[in-house]
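Each chain is listed here by its residues.
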Number of protein chains: 2
Amino acid sequence: MVDRTADDGSLLLQDQLCFALYAASRSVIARYRPLLDELELTYPQYLVMLVLWEQQTASVRELGAALQLESSTLSPLLKRLEAGGLIHRQRRADDERSVSITLSEAGAELREKARAVPLAIGEAMGLTPEQDATAKHLLRLLTANVNRTA
Amino acid sequence: MVDRTADDGSLLLQDQLCFALYAASRSVIARYRPLLDELELTYPQYLVMLVLWEQQTASVRELGAALQLESSTLSPLLKRLEAGGLIHRQRRADDERSVSITLSEAGAELREKARAVPLAIGEAMGLTPEQDATAKHLLRLLTANVNRTA
DNA sequence: CTCGATTTAGTCGCGCACAACTTAATCGAG
DNA sequence: CTCGATTAAGTTGTGCGCGACTAAATCGAG
């Protein structure tokens, strides 16, 4: 198969980086699914937990900034995490507009069960450390460029 | 920032290729949105149209194979494309289980308006041809690996 | 030829994802 | 101090995306 560059006007599906991206993202998330089912988390919920395991607490706004998600996506998701007993939500005293999200006991404990997940995914992806680093670099560059004048 | 490789058990969001992938995919699709709004298409609908512009006709099964989507995703999407007057759907005479999707006049004509889209996106992504090719290669490798034992 | 297995679309339920909007709290120029 | 502008979170509506399931048509071993 002869690929064309990003610069021509090809309308062929297989020429498009964006489709490779879209397909790869869904494939990786599908790979996560059985692992996250064990933790009773969806993939976006897992991402929220990653942020909280890292920094204990965050506002909805901060979670949105870290994950590039709107409050309209996060609010219901956080409600489900709270219903699942993994987080607490409370209005901040010093700024009643903000809501602090914190880990519950169960949420903090879940971290240990999650430890095995990145390993298993890394193995399934099957890239060399160099390929992994290159891919991350290019994806971040791409994201920054695309968001630049968005 | 010091990145770790895919092989360790880091639970840091920024270390994870999968998050870079997820964020990049959504950013690119968001970039498409205003362009596709002009065509009154969503991104997945646009992908279906790409396949049809390429080969005139396809069954639901073939579209699913090309785009890696389930019939439970495609059936309602195709219903919307039909309601929008871009495609026709008809049971295949030789195998009543299959449904043939074909372009309508309007669907075929939309191709010309879509010509400018890949150019604009390619420009927004801002990768060199080499980077674009590398990214596509790595994403396909990744997807193949992840799906292999799925 | 027959009938259980397979294949193809489709429906349903749930959880994102995002645009558009609302509500409430805070900010800040005058 | 005040009040219009801004900010934070949440609601609503639409369209994916997929698992679980169903219905109907076809296949194929015996």
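Preceding block: the structure.
Report follows, based on the coordinates. Model, not experiment: these values are computed from the prediction. (Residues numbered from 1 in each chain as written. Chains lettered and ligands numbered in written order. Predicted model: local features only at pLDDT ≥ 70, side-chain atom pairs only at ≥ 80, totals over all residues. Heavy atoms only, no water.)

At an RMSD of 0.0 Å, chain B and chain A line up after a rotation of 180° and a shift of 0.0 Å along the axis. Both copies of the chain, as the preceding transformation shows, are related through a two-fold rotation axis. (Least-squares fit on C-alpha atoms with pLDDT ≥ 70 in both.)

Moving on: the packing of aromatic side chains. A complete count under the given rule lists 10 aromatic pairs over all chains for this structure. Look at A:Tyr43 and A:Tyr46: their rings are 6.4 Å apart centre to centre, the planes differ by 40°, and that puts the pair in the tilted class. Here A:Tyr43 and its partner A:Tyr46 are both found in helix H2 (residues 43-55), 3 residues apart, which amounts to about one turn of the helix. Neither A:Tyr43 nor A:Tyr46 differs from the other in exposure class; each is buried. Their ring planes at 45° and their centres at 6.4 Å tell us that B:Phe19 and B:Tyr22 sit as a pair that is tilted. Of this pair, B:Phe19 and B:Tyr22 both sit in helix H1 (residues 17-39), 3 residues apart, which is roughly one turn of the helix. (Phe/Tyr/Trp six-rings, centres within 6.5 Å; stacked < 30°, edge-to-face > 60°. Helix = DSSP H or I, 4+ residues; strand = E, 2+ residues; numbered from the N terminus. Buried < 20%, exposed > 50% of the residue type's maximum accessible area, 1.4 Å probe, protein only.)

Moving on, we come to the side chain of A:Lys136. Tracing the backbone shows A:Lys136 in helix H7 (residues 129-148). Under the relative-accessibility criterion, A:Lys136 is labelled buried at 1%. Looking at A:Lys136, its side chain comes within polar contact range of the main-chain oxygen of B:Asp15, at 2.8 Å. (Polar contact = N/O pair within 3.5 Å; in protein donor to acceptor, adjacent residues only side chain to side chain.)

Turning to the protein's contact with DNA strand D, a few remarks are in order. Neighbouring DNA strand D are 28 residues; A:Tyr22, A:Arg61, A:Arg89, B:Thr42 and B:Arg80 lie closest to it. For DNA strand D, the fraction of protein-proximal atoms (within 4 Å) that sit in sugar or phosphate groups is 74%. A:Arg61 places a main-chain nitrogen or oxygen 2.5 Å from a phosphate oxygen of DNA strand D. Note that a phosphate oxygen of DNA strand D is positioned 2.8 Å from one of the side-chain N or O atoms of B:Gln45. Listing elements by their share of the surface near DNA strand D, those giving two or more residues are helix H1 (17-39), helix H3 (60-67), helix H4 (71-83) and strand E2 (87-91) of chain A together with helix H2 (43-55) and helix H4 (71-83) of chain B. Its residues assigned to classes, the surface near DNA strand D shows 6 nonpolar, 10 polar and 12 charged. (Near = heavy atom within 4 Å. Nonpolar A, V, L, I, M, F, W, Y, C, P; charged D, E, K, R; others polar.)

Residues and elements named next belong to chain A. Spatially, 3 strands are ordered E1-E3-E2 in an open sheet, and the strand pairing comes out antiparallel. Both outer strands of the open sheet, strand E1 (57-59) and E2, are each paired with one neighbouring strand and no more. Neighbour to neighbour, the strand axes of the sheet diverge by 25° on average, direction disregarded. One ladder, built from 5 bridges, connects E2 with strand E3 (residues 99-103); its direction is antiparallel. By the bridge assignment for E3, Arg89 is matched with Ile101. Contacting E1 and E3, H3 crosses the sheet at an angle of about 90° to E1. Here H4 sits on the sheet in contact with E2 and E3, set at roughly 125° to E2. (Pairing = 2+ DSSP bridges. Axes fitted to C-alpha atoms, helices over the stretch in contact; angles between N-to-C directions. Contact = heavy atoms within 4.5 Å.)

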